[in-house]
Structure formats: structure tokens, C-alpha cells
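# Chain and residue survey
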Amino acid sequence: MTRVRVTAPRSLTPTAVLTSGRSAAALREAAEESDAGQLFVRSLIRSQLRLALVVALGFLLILLAFPLMLGLVPGLADSTIAGLPFDWVLLGAGIYPVIGLSAWLYVRTAARNEARYRDLAGDK
């Protein structure tokens, strides 16, 4: 297995980072790849992976609940709304708010995880 190092873009060079208000100690820690820095990064990766799995599982459960609801409620599958079958309306129009809500929750929580990481690493 080969190790790959990801570097910051030109705009985040040490000089640019120092002038943007980040501490020199945090830069040194990231540059030295200390045990604490590695622990913070592993913690961030774990929390982001856990978040992705929870959001994906929740989305899939809700997505699977739509057809189950149609099978469990008698007569619901035979209903029509504006001439369209109810199951088509439910799957066509009902899933988009779920997609939007899942995406919004994921982005909001991922940003909060990264902000916690920056606080722990000392990059305010």
C-alpha cells in the first residue's frame, strides 16, 4: 500500500495561513504530523463516515417505507390524484423533499464536524 500526501492549494501556503489568523502552533502540528494531529484527523474521518452511513441508512429506510405504505393501506394504491395514480404521485413528488432534507442535514452536520475538528486542532 502506498501512502499519498495531500497538500494544500497555493492559497493556503504557510504565509497565507499565518496572515489569515491561524496560529503557528497549529501549522507546526499539522506539518509535523504529530500523534495528536493524526488522532484529530482519524476522529474527523470516523465522524464523517458515521454521518454518511446514518444519513444513507435513514434515507433508504424512508425510501423503502413508501412502497410498504402502499401495500399496507388498503385502497391507497388504487387512489388517484388529478388523474394520476397515487403511488406515482407519492414516489414522484414525495421523495424530493426527503432528498432535500437528507442533503441539508448531511451538509449541516458535516460542517459542524469540521468546525469541531478545527477547534480541536487549534485552527480558529
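Remember, predicted model here, so these are calculated numbers, not experimental data.

Cut-offs and rules
- Residues numbered from 1 in each chain as written.
- Predicted model: local features only at pLDDT ≥ 70, side-chain atom pairs only at ≥ 80, totals over all residues.
- Heavy atoms only, no water.
- Helix = DSSP H or I, 4+ residues; strand = E, 2+ residues; numbered from the N terminus.
- Buried < 20%, exposed > 50% of the residue type's maximum accessible area, 1.4 Å probe, protein only.
- Contact = heavy atoms within 4.5 Å.
- Areas by Shrake-Rupley, 256 points an atom, 1.4 Å probe, with all protein chains shown as cover.
- Expected span 1.5 Å × (residues − 1).
- Patch = residues over 30% accessible without salt bridge, like charges linked within 9 Å, V, L, I, M, F, W, Y side chains within 5 Å.
- Salt bridge = Lys/Arg side-chain N within 4 Å of Asp/Glu carboxyl O.
- pLDDT = per-residue confidence, 0-100.
- Bend = angle between axes of the 7 residues up to and from the residue.
- Axes fitted to C-alpha atoms, helices over the stretch in contact; angles between N-to-C directions.
- Parallel < 35°, antiparallel > 145°, perpendicular 65-115°, else oblique.
- Nonpolar A, V, L, I, M, F, W, Y, C, P; charged D, E, K, R; others polar.
- Core = buried A, V, L, I, M, F, W, Y, C linked by side-chain atoms within 4.5 Å.

## Describing the overall build of the protein chain
Scanning the protein chain for helices and strands turns up 5 helices and 2 strands. Counting helices and strands in the order they occur from the N terminus, the protein chain gives α-α-α-β-β-α-α. The buried share among the 124 residues of the protein chain stands at 16%. If you take every contact in the protein chain between residues at least 6 apart in sequence, the share linking residues at least 24 apart comes to 64%. Accessible surface for the protein chain amounts to roughly 9,500 Å². Of this, 67% is attributable to carbon and sulfur atoms.

## A look at helix H5 (residues 95-121)
Its 27 residues give H5 an end-to-end C-alpha distance of 39 Å, which sits within 8% of 39 Å, the value for a rise of 1.5 Å per residue. Where H5 is concerned, the buried positions are Ile 95, Val 98, Ser 102, Thr 109, Ala 110, Asn 113 and Ala 121. Gly 122 sits one or two residues past H5 and shows a positive phi near 90 degrees.

## Some words on a nonpolar patch on the surface
A contiguous nonpolar surface patch, about 390 Å² in accessible area, is contributed by Leu 68, Met 69, Leu 72 and Val 73. Structurally, Leu 68 can be placed in helix H3 (residues 35-72).

## A word on the confidence of the model for the protein chain
Chain-level statistics for the protein chain give a pLDDT mean of 78 and a share of 77% at 70 or above. Long-range and interchain partners of residues 13-20, a stretch whose pLDDT sits below 50, account for 8 contacts in this model, where long-range means more than four residues apart.

## Overview of H3
Spanning 38 residues, H3 covers 54 Å between terminal C-alpha atoms, matching the ideal 56 Å at 1.5 Å per step. Largest kink in H3: about 25 degrees, centred on Phe 66, with the proline Pro 67 one to four residues after it. Those residues of H3 that fall on the buried side of the exposure criterion are Gly 37, Phe 40, Leu 44, Ser 47, Gln 48, Leu 51, Phe 66 and Leu 70.

## Here we look at the side chain of Ser 102
Here Ser 102 shows up in helix H5. Here Ser 102 is in contact with Val 55 and Phe 59, once residues within four sequence places are set aside.

## Observations concerning the packing of helix H4 (residues 86-93) against H5
The N-to-C vectors of H4 and H5 enclose an angle of 20 degrees; their axes lie 4 Å apart at closest approach. Relative to H5, H4 is oriented roughly parallel. Contacts from Leu 90, Leu 91, Gly 92 and Ala 93 of H4 reach H5 at Ile 95, Tyr 96 and Pro 97. The residue makeup of the contact of H4 with H5, split by class, is 6 nonpolar, 1 polar and no charged.

## Remarks on the nonpolar core
Core analysis: the largest hydrophobic core is formed by 7 residues, namely Phe 66, Leu 70, Leu 76, Phe 86, Leu 90, Ile 95 and Val 98. Looking at this core, the elements that each hand over two or more residues are H3, H4 and H5. If sequence neighbours within four positions are ignored, Leu 70 has contacts with Leu 76, Ala 77, Phe 86, Asp 87 and Leu 90.

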